[in-house]
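Reading the structure
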Amino acid sequence: MSSPLLKKALSPTSCDEFGIINDTENAPQGVSVLSRRRFPTPSLLPVSLSTLLGVWGIRRDETLWHDEAVTLELASRSLPDLWQTLGNIDAVHGAYYLLMHGLFGLFGTDLLVLRLPSVLASALAAAGVTALGVRLSGTRAGILAGLSFAVLPDVQKYSQEGRSYSLVCALVVWATYFLVSATLSCRAPVIVRRRSSMVPWIAYGALMLAACILHQFAALALVVHAFALPDYARHPWAYTALLVAAGAAPLAALGMAQSGQVAWIDGVTGSEYQHFAILASFAIMLSYFASPGNAGKVSPEAPFSLRAIALPLFILPTTLLMLISLYKPFYVERYVLYGLVGLALLLGAVLDRVPELGRNLRVTAVIVVASAIALLIPESLKLRAPESRSDNVTALARILSREYAPGDGILYLSVKRRAWSLAYPSENRGMFDLAQALTPAASHDLYGTELPSPQIRARMRSSARILAVTEPEGIHIESNGKELMKERVLAEYFTKGLTIQIDGAQVIIYEPRTTATETEPVVSSPRERSPSPAAR
């Protein structure tokens, strides 16, 4: 005979109170153990591959690009200085800078210390993709999804950068994994204690909050999760999502107040729309072949199909960011890197079906996969070259150090380009910055402050030579009165001499104008020119 207490515990009201549903008749088999799979074992191969790809060529010939230089410099500042800086600029990356500040304090500022956290984060993300694939579509599909994720070019690229994107990706994929567990807890056939039923929701919320704190556009994954969830899990998810939003809101508000720092982002171009449309069409095609009705490989424990989470995860974040960019340009592919988790899951589910195909189709599939791997090899090699990034602040520092001579002046034609000097402060310290009033560190920002125009003009006129740093030809830079004044003084009192092109920038050497006939500037690269007299 049942006790009154037990009857009360099994009543629908009690189930609602616990945030779960009494669905003992329709619950999938094995759900009471919440899919305690041995996921570390299938994850070994994807994790190993991701780690190997991450450490392969990680130093990129000892070069840095702009964003990594910013990480290196800001995370190296003292905590009080960093805190003041984040109040002015880059607050959206503040948590990442604090993490790197701790690592730099322990291990120094070597390139390995800068980039290894991203390598480890990508490996962790590959493990999460594998675990999610195993849970939703079986062991083989999970392993193939993890391997597919590890070799995707953008995953390889950001696994070797001193920025937060790989870490955000890892947090989102593991949050999605715990969302599956949390959804299963809503269908548990046995009433469990509140603490036990809430553990996956707490893990999901904590991981999503961490992801949103590291980068605010991780919040777009919440929309994906809302889209994929079954109805019976929506209430506990909504409570969790509200708590995540409340926790991330102050940082998001500060980030919006500082949104002027991403004014460099242009609207979405036609080629970007076209590129995404092609990839989205490819993902939709994959989802058809990976669908439950075709593959028949959905785990009996899965609360929803792999397609239900993978396709929205790949398409929705990018689509939403593109729509937001119609109002204010924010679209940058790496901001939604975690969307590639969805593509990898679909690839794994489709590859899992290859053994079930007829002989001719199997041969075709093997040829396609082999061709894709062959195409990935040159792309992987390219990603590990210094030229693979939008600029090369290391090459710029080397050129300035080689060309600079006593009496010369360095002139950044745009104040924001002074951020290129952040990575090598010791080399730049001995050079005379013609326009600088306060260094970036002293002004608690990335660019420093500049002198009034008359003082800059006087300094320029008294320089033996000017090494002007600017973007390559054809690249637009913002112009204000001070930038226009610099260009007028150069045109009026100086003659353009040697122009040295590097990735993402150029250094133009100006000589004081004389009565001699001006000659056309000579354009060369560092590899083509002989050393200057100063270098000799």
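Every chain's residues receive numbers from 1 upward, in the order its sequence appears when written. With the structure being a predicted model, the display of local features is reserved for residues of pLDDT at least 70 and the display and counting of side-chain atom pairs for 80 or more, all residues being used for whole-chain, interface and lining totals. Side-chain numbers here rest on the full set of heavy atoms in the structure, without hydrogens or water.

**Focus on the pattern of salt bridges**
Our working definition: Any carboxyl oxygen of Asp or Glu that lies within 4 Å of a side-chain nitrogen of Lys or Arg is treated as forming a salt bridge with it. Labels follow the DSSP assignment, with helices taken as runs of H or I lasting at least four residues and strands as runs of E lasting at least two, numbered in each case from the N terminus. Only protein chains enter the accessibility calculation, which uses a 1.4 Å probe; a residue whose area is less than 20% of its type maximum is buried, one above 50% is exposed, and one in between is partly exposed.
What the rule picks out here adds up to 17 salt bridges. Here Arg-418 ties to Asp-433 by a salt bridge, and the two come within 2.7 Å at their closest N and O atoms. Of the two residues, Arg-418 sits in the loop between strand S1 (408-412) and helix H20 (425-429) while Asp-433 sits in the loop between H20 and strand S2 (436-438), which places them 15 residues apart along the sequence. The two residues Arg-418 and Asp-433 agree in class, both being buried. One salt-bridge network, held together by shared partners, links Arg-418, Asp-433, Glu-450, Glu-483 and Lys-486.

**A closer look at the packing of aromatic side chains**
Each aromatic ring pair is summarised here by two numbers: the centre-to-centre distance and the angle between the ring planes. Applicable threshold: Two aromatic rings, drawn from Phe, Tyr or Trp (for Trp, its six-membered ring), form a pair once their centres lie within 6.5 Å of each other, and the interplanar angle then sorts them: stacked below 30 degrees, edge-to-face above 60, tilted otherwise.
Considering all chains together, one arrives at nine aromatic pairs under this definition. Measuring from ring centre to ring centre gives 5.2 Å for Trp-174 and Tyr-177, while their planes differ by 70°; the resulting arrangement is edge-to-face. Highlighted residues: Trp-174 and Tyr-177, both in helix H10 (residues 165-185), separated by three residues, approximately one helical turn. Classification of Tyr-177 by relative accessible area gives buried; the value is 6%. On the numbers, 5.7 Å between centres and 90° between planes, the contact of Tyr-177 with Phe-178 is edge-to-face. Owing to a relative accessible area of 27%, Phe-178 belongs among the partly exposed residues under this scheme. What links up through ring pairs into an aromatic cluster is the set Tyr-158, Tyr-165, Phe-217, Phe-330 and Tyr-335.

**Topic: unusual backbone geometry**
You will see that Arg-60, though not glycine, has its phi angle at about 45°, which is positive. Mapped onto the elements, Arg-60 comes out in the loop between helix H3 (40-55) and helix H4 (66-76). Of note in the backbone geometry, Asp-90 takes a positive phi value of approximately 65° without being a glycine.

Remember that the coordinates give geometry; whether it matters functionally is a separate question.
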